[in-house]
Amino acid sequence: MAGDGVKERLNSFSYLLRTELRSISNSARRFGALFLRSWRQNIRNTHIIFLRLSGSIVQACLFASIFTSVRDDKSLTKSIADRVALLTYGVINMSIMALMKTLDLFAKERNVVMREQMRSNYYSLEYLLAKVFAEIPLDSFFALVFAAILKRLTGLRTSMWTLIKTYCAMTVTSVSLGFAVGSVTSSVESAMSLGVPIIVIFMVVGVINPSGVGDDDQPNLVMKWLKTASPIKWAIEALVTAEFRGMEFEESDRGRWGQLLDLPKMGALAMVKDGDNVLRNLGLGKAEYSDLLEKLGVLSGVYLFISWLGLTFFLPSFIDTEEVQ
């Protein structure tokens, strides 16, 4: 009798295991099909790829030509403000490009995806993961090109790897934000109507205040939450921290007096002594690059989780269920 009980439990376990493996296999096949569909859509849009690649190259060259003081052969002290501005505008530019593209693409597919889900063709998580693996590498490539050219044409102190890593992480977070917004809207128009104000708010709260941050300048609760949710804030602070941490101002041929004249005359950057002093005046005295980059990673995960919730629970009310029978 005991042997029969053990045999029955083994058979039950074997059945459950086969069922689970079959479920995993079916999920993998669905994911593969969704990934292949998304990847083919990207490859076929060669004109869009060309335009985005050209835009990344042109914009990097344009920024380098605007901020001419950020050069290895120019005064380091004279370029302090321009270095902050260059990194800031670069982040804003790439963030908006990644978000707008994702909003447009994700919202266009929204109704089709909902109909397919209502037919139980696949689960929302499978679709979301397929989009992540198909879209993010391509978007990160454009950020890589932008960062590499920017580093090559300017005298930014931070390494090329740090610049590329940060811009790519920021792009991933912006794409994830686009997924989150697109998942709770029903059309391209509504996605843009919601996404544009969000990115503008995140840009406003994310830009570093050039007048400096004091101990008494603590944001209220709403502002604190907005800052925490802004990928632009974390990317800018990460790049500025990497650029100025440990920076020493070298004496130029003009001597100490000439170096003093090159310093900004107003705001938090006036009369600073070194890079660490710059960071303290900007409210980043205790900031660590690795911690700030980790915040971008966490934020990406939060936005992807919101995307999953939106795809799972925000079914459009105007889709006729008889249409999907």
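This is a predicted model, so every value here is computed, not measured.

Visitor: Lay out the overall build of the chain in plain terms, naming residues and giving numbers.
Guide: Helix and strand counts for the chain stand at 11 helices and 0 strands. Mapped in sequence order, the helices and strands of the chain form the string α-α-α-α-α-α-α-α-α-α-α. Looking at the 325 residues of the chain, the share that counts as buried comes to 43%. Restricting to contacts in the chain with at least 6 residues of sequence separation, those with at least 24 account for 81%. Accessible area of the chain: about 17300 Å², with a carbon and sulfur share of 63%.

Visitor: Explain the packing of helix H3 (residues 80–118) against helix H6 (residues 188–206) to me, using residue names and the numbers behind them.
Guide: Following both chains from N to C, one finds H3 and H6 inclined at 160°, their axes separated by 9 Å at the closest point. Comparing the axis directions of H3 and H6 gives the class roughly antiparallel. Considering the relative orientation of H3 and H6, their crossing is right-handed. Side by side, H3 and H6 meet where Ile 92, Ser 95, Ile 96, Leu 99, Met 100, Leu 103, Asp 104, Ala 107 and Lys 108 of the first sit next to Val 188, Ala 191, Met 192, Gly 195, Val 196, Ile 199 and Met 203 of the second. When grouped by side-chain class, the residues that make up the contact of H3 with H6 number 12 nonpolar, 2 polar and 2 charged.

Visitor: Could you give an account of H3, with specific residues and numbers?
Guide: With 39 residues, H3 extends 55 Å from end C-alpha to end C-alpha; this agrees with the ideal 57 Å at 1.5 Å per step. Bending of H3 peaks at approximately 45° at the position of Arg 110. Looking one or two residues past H3, Ser 120 carries a phi angle of roughly 65°, positive in sign.

Visitor: Pulling in residues and values, what's your account of the pattern of salt bridges?
Guide: Tallied over the full model, the rule gives 8 salt bridges. The shortest N-O distance in the salt bridge between Lys 101 and Glu 135 comes to 2.4 Å. Remark: Glu 135 occurs in helix H4 (residues 124–153) and Lys 101 occurs in helix H3; sequence separation between them is 34 residues. Ionic pairing is found between Lys 131 and Glu 135, a salt bridge with its closest N-O pair at 3.2 Å. Separated by 4 residues within a single helix, Lys 131 and Glu 135 lie in helix H4, roughly one turn from each other. We classify Lys 131 as buried; its relative accessible area is 0%.

Visitor: Help me get a handle on the packing of H4 against helix H11 (residues 289–313), residues and values and all.
Guide: Direction vectors running N to C along H4 and H11 enclose 135°, while the axes themselves pass 9 Å from each other. In terms of orientation, H4 and H11 fall into the oblique class. In this structure, H4 meets H11 at a crossing whose hand is right-handed. The segment H4 lies against H11, with Ser 124, Leu 125, Tyr 127, Leu 128 and Val 132 engaging Leu 304, Ser 307, Trp 308, Leu 311 and Thr 312. Here the contact of H4 with H11 is built from residues that sort into 7 nonpolar, 3 polar and no charged.

Visitor: An account of H4 is requested, with residue identities and associated values reported.
Guide: A rise of 1.5 Å per residue sets the reference length of H4, with its 30 residues, at 44 Å; its end C-alpha atoms lie 43 Å apart and thus fit the reference within 8%. If you look at H4, its biggest bend is around 25°, right at Glu 135, and the proline Pro 137 turns up within four residues after that.

Visitor: If you had to explain the confidence of the model for the chain to someone new, which residues and values would you point to?
Guide: Interpretation of this model should avoid reading the predicted coordinates in detail wherever pLDDT is low. Residue-level pLDDT values for the chain average 81, and 79% of them are 70 or greater. Note on residues 317–325: pLDDT is under 50 here. Beyond four places in sequence and across chains, it has 12 contacts.

Visitor: Explain the packing of aromatic side chains to me, using residue names and the numbers behind them.
Guide: Across all of its chains, the model carries 8 aromatic pairs by this definition. Seen in terms of ring centroids, Phe 35 and Trp 39 are 6.3 Å apart; in terms of plane orientation they differ by 15°. Their pairing is stacked. You can see Phe 35 and its partner Trp 39 sitting in helix H1 (residues 2–44), 4 residues apart, about one turn around the helix. Assessed through its relative accessible area of 34%, Trp 39 is described here as partly exposed. Through a chain of ring-to-ring contacts, three or more aromatic side chains come together here, namely Phe 31, Phe 35, Trp 39 and Phe 133. The cationic tip of Lys 233 hangs over the ring face of Trp 234; the distance from NZ or CZ to the ring centre is 4.6 Å.

Visitor: Give me the lowdown on the side chain of Thr 173, citing residues and values where you can.
Guide: For Thr 173, the location among the structural elements is in helix H5 (residues 160–183). Polar side-chain contacts of Thr 173 include one of 2.8 Å to the side chain of Ser 300. Those residues within four positions of Thr 173 in sequence are excluded, and the remaining contacts are Pro 231, Leu 296, Leu 299, Ser 300 and Tyr 303.

Visitor: Describe the side chain of Ser 176, and please don't skip the residues or the numbers.
Guide: Topologically, Ser 176 is positioned in helix H5. Each residue touching Ser 176, except ones within four places of it in the same chain, is listed here: Ser 300, Tyr 303, Leu 304 and Ser 307.

Visitor: Now, about the environment of Arg 52: what can you tell me, with residues and values included?
Guide: Its location among the elements puts Arg 52 in helix H2 (residues 46–66). In sequence terms Arg 52 and Asp 139 are 87 residues apart; their C-alpha atoms lie 9.2 Å from each other. Residues contacting Arg 52, with those up to four places away along its chain left out, are Met 97, Ala 98, Lys 101, Asp 139 and Phe 142.

What counts and how
Residues numbered from 1 in each chain as written. Predicted model: local features only at pLDDT ≥ 70, side-chain atom pairs only at ≥ 80, totals over all residues. Heavy atoms only, no water. Helix = DSSP H or I, 4+ residues; strand = E, 2+ residues; numbered from the N terminus. Buried < 20%, exposed > 50% of the residue type's maximum accessible area, 1.4 Å probe, protein only. Contact = heavy atoms within 4.5 Å. Areas by Shrake-Rupley, 256 points an atom, 1.4 Å probe, with all protein chains shown as cover. Axes fitted to C-alpha atoms, helices over the stretch in contact; angles between N-to-C directions. Parallel < 35°, antiparallel > 145°, perpendicular 65-115°, else oblique. Left-handed = near helix turned anticlockwise from the far one by under 90°. Nonpolar A, V, L, I, M, F, W, Y, C, P; charged D, E, K, R; others polar. Expected span 1.5 Å × (residues − 1). Bend = angle between axes of the 7 residues up to and from the residue. Salt bridge = Lys/Arg side-chain N within 4 Å of Asp/Glu carboxyl O. pLDDT = per-residue confidence, 0-100. Phe/Tyr/Trp six-rings, centres within 6.5 Å; stacked < 30°, edge-to-face > 60°. Lys NZ or Arg CZ within 6 Å of the ring centre and 35° of its normal. Polar contact = N/O pair within 3.5 Å; in protein donor to acceptor, adjacent residues only side chain to side chain.

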